[in-house]
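Reading the structure
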Amino acid sequence: SDGTVNRQKTYMWGNVNIPAFVEALTKNGFVDIKVEDTGEGCTIVDLPNDDTLIQVEPDNTHIICNGEETVRIKIRDALLKCLKKI
Amino acid sequence: LVMKGTKLQLVDPGLALKDLGLEEHNLRFTSTVMLEEEGQTTQTADRIYQLVKTNLKEFPVSYSSDGSISISDSVLVQVSGDEESKSVLVSWSHQVIKSICKISSDGSISISDSVL
């Protein structure tokens, strides 16, 4: 809101460890977490209470969330704990 | 800062990852916003395009013939629906939201909220 553009980029790599991600989600206040392994290293994490589906794949995570911005921030923070960064 | 043999080199982080054989992990968010707006979907898409273009002058914005709007090659906006209401799909990568949230006039941290 100060009119400046932040071009600093954080690089992330590695794969999301699902048990660690579920634990991080729980710590961030999510209570209803359903995990489904869809094969080939892909997992769907469903948060039905928060209208959210998270597709975790090797090198890609897609968060489909129609909920509030605060929900997305909590999910993002949980994911960032599970990835390596520079 | 990367050490190659006995030399220290300053390299782009993206290149450093590639050199190390590491693949970047992409985070993408998708959210669909419902709009109670009468008229054709192209009219809604046009309105959003004009808003985005006016508010995000720092970023390249393109409007393709199928009615989808792309911002910086990372944000995608697609409008669908009928005469009565529209659903607006907004998809963005983690890094882009960080950049765009800084320039939204109302301090909102999501492009969907700031644009619509």
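Structure first, text after, so check above.
My aim in this report is to walk through the structure given alongside it, one point at a time. For every chain, the first residue of its written sequence is number 1, and the numbers climb from 1 along that sequence. Labels are handed out in written order, letters beginning with A for the chains and numbers beginning with 1 for the ligands. In keeping with the model being predicted, local features are shown solely for residues with a pLDDT of at least 70 and side-chain atom pairs are shown and tallied solely at 80 or more, while totals for entire chains, interfaces and linings include all residues. The side-chain quantities take in all heavy atoms of the structure and omit both hydrogens and water.

1. Observations regarding the overall build of chain B
Keep this limit in mind: Going along the chain from the N terminus, every DSSP run of H or I of four or more residues is numbered as a helix, and every run of E of two or more is numbered as a strand. Relative accessible area decides the class of each residue, using a 1.4 Å probe on protein chains only: under 20% of the type maximum gives buried, over 50% gives exposed, and in between gives partly exposed. Should any heavy atoms of two residues lie within 4.5 Å, those residues are considered in contact.
A tally of regular secondary structure across chain B gives 4 helices and 7 strands. Listed N to C, the secondary structure of chain B is β-β-α-β-α-β-β-β-β-α-α in terms of helices and strands. Across the 116 residues of chain B, 42% fall into the buried class. Once local pairs closer than 6 in sequence are excluded, the contacts in chain B between residues at least 24 apart make up 48%.

2. A closer look at the overall build of chain A
This is how it is decided: Shrake-Rupley sampling with a 1.4 Å probe provides the accessible areas, and residues are treated as covered by the protein chains on show and by no other component.
In terms of regular secondary structure, chain A is built from 2 helices and 6 strands. The helix and strand sequence of chain A, counted from the amino end, reads β-α-β-β-β-β-α-β. Every one of the 86 residues in chain A was classed for burial, and the buried ones make up 37%. Expressed as a percentage of contacts within chain A between residues at least 6 apart in sequence, the contacts between residues at least 24 apart total 39%. When the accessible area of chain A is evaluated, it comes to approximately 4800 Å², of which 48% is carbon and sulfur surface.

3. Some words on the pattern of salt bridges
All names here are of chain A. What counts, and what does not: By convention in these notes, a salt bridge is any Lys or Arg side-chain nitrogen within 4 Å of a carboxyl oxygen on Asp or Glu.
One pass over the full model with this rule turns up 5 salt bridges over all chains. One salt bridge in this structure joins Lys34 and Asp32, with 3.3 Å as the shortest N-O distance. Residue Asp32 is classed as partly exposed on the basis of its relative accessible area of 26%. Two residues, Arg76 and Asp77, come together in a salt bridge whose shortest N-O distance is 3.1 Å. The partly exposed category is assigned to Arg76, whose relative accessible area is 25%.

4. Thoughts on the pairing of strand β5 (residues 60-65) of chain A
For the record, the criterion: At least two bridges found by DSSP between two strands is the condition for calling them paired.
Alternating residues of β5(A) divide into Thr61(A), Ile63(A) and Cys65(A), all buried, and Asn60(A), His62(A) and Ile64(A), none buried. Linking strand β4 (residues 52-57) of chain A to β5(A), which pair antiparallel, is a turn of 2 residues; within it Asp59(A) sits at a positive phi near 70 degrees. Relative to strand β3 (residues 26-35) of chain B, β5(A) is paired through 5 bridges, and the arrangement is parallel. The residue of β3(B) that forms the bridge with Ile64(A) is Thr30(B).

5. Thoughts on the sheet that holds strand β4 (residues 61-63) of chain B
How we decide: Axis definition: a line fit to C-alpha positions, over the contact stretch in the case of helices; interaxial angles, taken between N-to-C directions, run 0 to 180 degrees.
Judged by pairing direction, the sheet is mixed, and its 9 strands sit side by side in the order β2(A)-β3(A)-β4(A)-β5(A)-β3(B)-β7(B)-β6(B)-β5(B)-β4(B) without closing on themselves. Looking along the sheet, the strands with just one partner apiece sit at the ends: β2 (34-39) of chain A together with β4 of chain B. Across the sheet, the axes of successive neighbouring strands diverge by a mean angle of 15 degrees, strand direction being ignored. Across the face of the sheet, helix α1 (residues 18-27) of chain A comes into contact with β2, β3 (42-47) and β4 of chain A while running at roughly 15 degrees to β3(A).

6. A look at the environment of Arg47(B)
All names here are of chain B. This is how the line gets drawn: Pairs of N or O atoms are called polar contacts if they sit within 3.5 Å, as long as, within protein, a hydrogen donor faces a hydrogen acceptor (for residues adjacent in sequence, only side-chain-to-side-chain pairs).
Note on placement: Arg47 falls in helix α2 (residues 41-55). Its relative accessible area of 40% is what places Arg47 among the partly exposed residues. Contact partners of Arg47, with chain neighbours within four places excluded, come to Leu35 and Glu37. Within the local environment of Arg47, its side chain forms a polar contact with the side chain of Glu37, the two groups lying 2.7 Å apart.

7. Examining a negative patch on the surface
The line we're drawing: The patch calculation keeps residues exceeding 30% relative accessible area without a salt bridge and links them within 9 Å when they carry like charges or within 5 Å when they are nonpolar (Val, Leu, Ile, Met, Phe, Trp, Tyr). Asp and Glu count as negative and Lys and Arg as positive, but His and the ends of the chain are not part of the count. Charge positions come from single atoms, namely NZ of Lys, CZ of Arg, CG of Asp or CD of Glu.
Negative charge collects at one region of the surface, where Glu36(B), Glu38(B), Asp82(B), Glu83(B) and Glu84(B) lie side by side. Within the fold, Glu83(B) resides in the loop between β6 (75-81) and β7 (86-93).

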